[in-house]
Amino acid sequence: GDYSLKVYILTQLSIGYVGCRSQLNVNWSNCNALQFWVIPDGNNQWTVIQINTSDGVSYEAYLQDYADFTNTTDPLLVTIPFYRL
């Protein structure tokens, strides 16, 4: 769609990770979650989704902690709630 982002891991890197960063100029102050579709590769890869806000607040989700993510290659709808600790 118009708001899609594809990230592919094509090779094992010596640094041990692949990342993708995108800076958005949007106001999410009235939002309480981020929701997106992900297609797992079935290899139980360590996968972190991190949101950093302009006021210094960070939100993280570790997808490999969820059984639905680790045991499938089917598309999954992921919802990451915004909780301030």
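Residues numbered from 1 in each chain as written. Predicted model: local features only at pLDDT ≥ 70, side-chain atom pairs only at ≥ 80, totals over all residues. Heavy atoms only, no water.

Observations regarding the overall build of the chain
Scanning the chain from terminus to terminus reveals one helix and four strands. What you see in the chain, going N to C, is helices and strands ordered as β-β-β-α-β. Looking at the chain residue by residue over its 85 residues, the buried ones come to 20%. Counting only contacts in the chain whose residues sit at least 6 apart along the sequence, the fraction spanning at least 24 positions is 55%. Only carbon and sulfur atoms are counted for the fraction: they give 49% of the accessible area of the chain, which is about 7600 Å². (Helix = DSSP H or I, 4+ residues; strand = E, 2+ residues; numbered from the N terminus. Buried < 20%, exposed > 50% of the residue type's maximum accessible area, 1.4 Å probe, protein only. Contact = heavy atoms within 4.5 Å. Areas by Shrake-Rupley, 256 points an atom, 1.4 Å probe, with all protein chains shown as cover.)

Let's talk about the environment of N52
With respect to the helices and strands, the residue N52 is situated in strand 2 (residues 48-52). Distance from N52 to Q23, taken between C-alpha atoms, is 9.5 Å for residues 29 residues apart in sequence.

Some words on the side chain of T72
Inspection of the secondary structure puts T72 in the loop between helix 1 (67-70) and strand 4 (76-81). Of note is the side chain of T72, whose polar atom sits 2.8 Å from the backbone nitrogen of D74. (Polar contact = N/O pair within 3.5 Å; in protein donor to acceptor, adjacent residues only side chain to side chain.)

With respect to the packing of aromatic side chains
For the structure shown, the criterion picks out one aromatic pair. For the ring pair W46 and Y62, a centre distance of 6.5 Å and an interplane angle of 20° mean the geometry is stacked. On the criterion of sequence distance, the pair formed by W46 in the loop between strand 1 (33-38) and strand 2 and Y62 in strand 3 (residues 58-62) is long-range, its members being 16 residues apart. On the accessibility criterion, Y62 (31% relative accessible area) is partly exposed. (Phe/Tyr/Trp six-rings, centres within 6.5 Å; stacked < 30°, edge-to-face > 60°.)

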